[in-house]
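Each chain, letter by letter, is given below.
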Amino acid sequence: MKSLILLTASRLLFPLMILFSVFLLLRGHNAPGGGFVGGLVASAAIALHALAHGIAATHRVVAVPPVALVAMGLSCALASGLVAWAWGQPYLTGLWIAVPLAGKIGTPLLFDLGVYLLVVGMVTHLLFLLWEE
């Protein structure tokens, strides 16, 4: 069943929700938000797109297979801990570097990015499995 209202709302809301999820990801270290919440918002955007346009169109929008997103997320989270270990610090210790124009960037952002990718991959994979049955 195609709804004109749902199609129009999806076209407007999908990019805004993805942008908001990235905002939550970047803001989350020192304020509410982070990788988990950002990933859930991105997954909600993907679910909205699937409701409005169908599962085949959503497969084309999500260019990376969800399982690959899970693998990338786990790799990022693991790598964020290994960076501190390589510098002689305990595993998952936050390390920061100053980047001109960007401020301080650290391993917690890499960990949050890993959680974001993991949540998006897992929820999208589950959505695709449920829709395809």
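Summarised in this report is the structure supplied together with it. Quick caveat, the model's predicted, so the values are computed rather than measured. (Residues numbered from 1 in each chain as written. Predicted model: local features only at pLDDT ≥ 70, side-chain atom pairs only at ≥ 80, totals over all residues. Heavy atoms only, no water.)

Before going further, it helps to examine the packing of helix 4 (residues 66–86) against helix 5 (residues 107–132). Two elements in contact, helix 4 and helix 5, have axes whose closest approach is 7 Å; the angle formed by their N-to-C orientations is 160°. Considered as vectors, helix 4 and helix 5 are oriented roughly antiparallel to each other. Helix 5 is crossed by helix 4, and the crossing has left-handed handedness. By residue class, the composition of the contact of helix 4 with helix 5 is 18 nonpolar, seven polar and no charged. (Axes fitted to C-alpha atoms, helices over the stretch in contact; angles between N-to-C directions. Helix = DSSP H or I, 4+ residues; strand = E, 2+ residues; numbered from the N terminus. Parallel < 35°, antiparallel > 145°, perpendicular 65-115°, else oblique. Left-handed = near helix turned anticlockwise from the far one by under 90°. Nonpolar A, V, L, I, M, F, W, Y, C, P; charged D, E, K, R; others polar.)

For the rest of this paragraph, the subject is a nonpolar patch on the surface. A cluster of nonpolar side chains, contributed by L78, L82, W85, Y91, L92 and F111, occupies part of the molecular surface with about 610 Å² of accessible area. Of all the elements, helix 4 adds the most residues to the nonpolar patch, at three residues. Locating L92 in the fold gives a position in the loop between helix 4 and strand 1 (96–99). Judged by its relative accessible area of 47%, L92 is partly exposed. (Patch = residues over 30% accessible without salt bridge, like charges linked within 9 Å, V, L, I, M, F, W, Y side chains within 5 Å. Areas by Shrake-Rupley, 256 points an atom, 1.4 Å probe, with all protein chains shown as cover. Salt bridge = Lys/Arg side-chain N within 4 Å of Asp/Glu carboxyl O. Buried < 20%, exposed > 50% of the residue type's maximum accessible area, 1.4 Å probe, protein only.)

This next bit is on the packing of aromatic side chains. Within the structure shown, the criterion is met by two aromatic pairs. Between F20 and F23 the ring centres are 6.0 Å apart and the planes differ by 25°, which places this aromatic pair in the stacked class. In this pair, F20 and F23 both sit in helix 1 (residues 4–27), three residues apart, roughly one turn of the helix. Note on W85 and Y91: the rings are 6.2 Å apart at their centroids and 80° apart in plane angle, and the pair reads as edge-to-face. Judged by relative accessible area, W85 falls into the exposed class, the value being 58%. We classify Y91 as partly exposed; its relative accessible area is 40%. (Phe/Tyr/Trp six-rings, centres within 6.5 Å; stacked < 30°, edge-to-face > 60°.)

Attention shifts here to the side chain of H53. Within the secondary structure, H53 is located in helix 2 (residues 35–53). Of the polar contacts made by the side chain of H53, one reaches the side chain of S10; its length is 3.1 Å. With near-sequence residues (within four places) excluded, H53 lies in contact with K2, L7, S10 and R11. (Polar contact = N/O pair within 3.5 Å; in protein donor to acceptor, adjacent residues only side chain to side chain. Contact = heavy atoms within 4.5 Å.)

Contact geometry for helix 1 and helix 2: axes closest at 8 Å, N-to-C directions at 165°. Classed by the angle they form, the pair helix 1 and helix 2 counts as roughly antiparallel. Classified by chirality, the crossing of helix 2 by helix 1 is left-handed. Classifying every residue of the contact of helix 1 with helix 2 gives 18 nonpolar, six polar and one charged.

Note on placement: T107 falls in helix 5. You can call T107 buried: its relative accessible area is 10%. Among residues more than four places away in sequence, those in contact with T107 are S80, V83, T93, G94 and L95.

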